[in-house]
Amino acid sequence: MDLLRAIHGYQFGSSLALLFPTPYALSTLILLIWSIAPAVKGRVSNSFTVWLRIVWVLTLIPVATGVILALGGAKVPSAVNVGGGLTKYGLPYDPSRDLEHWMYSAFALLSLYIIEVLVRGRMIEHRTGLKFLPVATLFLYGVAYMIGRVAVLPGSTPGT
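Position labels on residues start from 1 in each chain and follow its written sequence. The model is predicted, so local features are restricted to residues of pLDDT at least 70 and side-chain atom pairs to those at 80 or more, both for listing and for counting; the totals for chains, interfaces and linings are taken over all residues. To get the side-chain values, all heavy atoms of the structure are used, and hydrogens and water are removed first.

When a carboxyl oxygen of Asp or Glu is within 4 Å of a side-chain nitrogen of Lys or Arg, the pair counts as a salt bridge. Applying the stated criterion to the full structure yields four salt bridges. The closest approach of N and O atoms between Arg5 and Asp2, which form a salt bridge, is 3.9 Å. Of this pair, Arg5 and Asp2 both sit in helix H1 (residues 2–8), three residues apart, which is roughly one turn of that helix. A salt bridge links Arg97 to Glu100; the nearest nitrogen and oxygen atoms lie 2.9 Å apart. Note that Arg97 and Glu100 are positioned in helix H5 (residues 96–120) at a spacing of three residues, about one turn of the helix. Overall, Arg97 belongs to the buried group, its relative accessible area being 4%. Salt bridges sharing partners connect three or more residues here, namely Arg53, Glu116 and Arg120. Under the scheme used here, helices are H or I runs from DSSP no shorter than 4 residues and strands are E runs no shorter than 2 residues, and both carry numbers assigned from the N terminus. Each residue gets one of three labels from its accessible area relative to the maximum for its type: buried under 20%, exposed over 50%, partly exposed in between, using a 1.4 Å probe on protein chains only.

Below, the structure written as structure tokens:
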């Protein structure tokens, strides 16, 4: 279980963690920046598609480990009272953050599916869909950022 926790909960320990707290958030930030080119050019390069597949892998690894940990009874650190009403990070605990973490994870999977639809040109004309690609990847980056933030920081209702 400790290996799963280490894989699932890896975070950067530098000041850059304010911009991208996890490798997953970093990969989605790169995807966001990269998505501008297909939106402008009107076509998707093979390298963009490869990076999108890497983002899928970096999404599914934490999802799989998170589901296994949740089945074992684990919750996000911000939702666990380790004593005195505080989390392991010394912040007030907030049990509602666990469900919020699951919500953002579902949004991440949904966002990746929408990005796949836009890249493949299904359900919407390809050139038109690519113009929305930066918006979808921006949403994905925001969701990836919030996944890491929700796991560590308390929300607006700590201790309830």
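For the rest of this paragraph, the subject is unusual backbone geometry. One non-glycine residue with positive phi stands out, namely Met123, at about 70°. Along the chain, the position of Met123 falls in the loop between H5 and helix H6 (126–131). A relative accessible area of 71% means that Met123 is categorised as exposed.

Moving on, we come to the nonpolar core. In terms of nonpolar packing, the biggest core is built from 27 residues, with Tyr24, Leu31, Ile115 and Leu140 touching the most fellow members. Listed by contribution, the elements that provide at least two residues to this core are helix H2 (23–34), helix H4 (46–71), H5 and helix H7 (133–152). Examining the composition of this core, we find that nine residues originate from one element, H7, more than from any other. Excluding its chain neighbours within four sequence positions, the residues that come into contact with Leu140 are Tyr24, Thr28, Leu31, Val55, Ala108, Ser111, Leu112 and Ile115. Among buried residues, those of type Ala, Val, Leu, Ile, Met, Phe, Trp, Tyr and Cys that are joined through side-chain atoms within 4.5 Å constitute a nonpolar core. A contact between two residues is defined here by any heavy atoms of the two lying within 4.5 Å.

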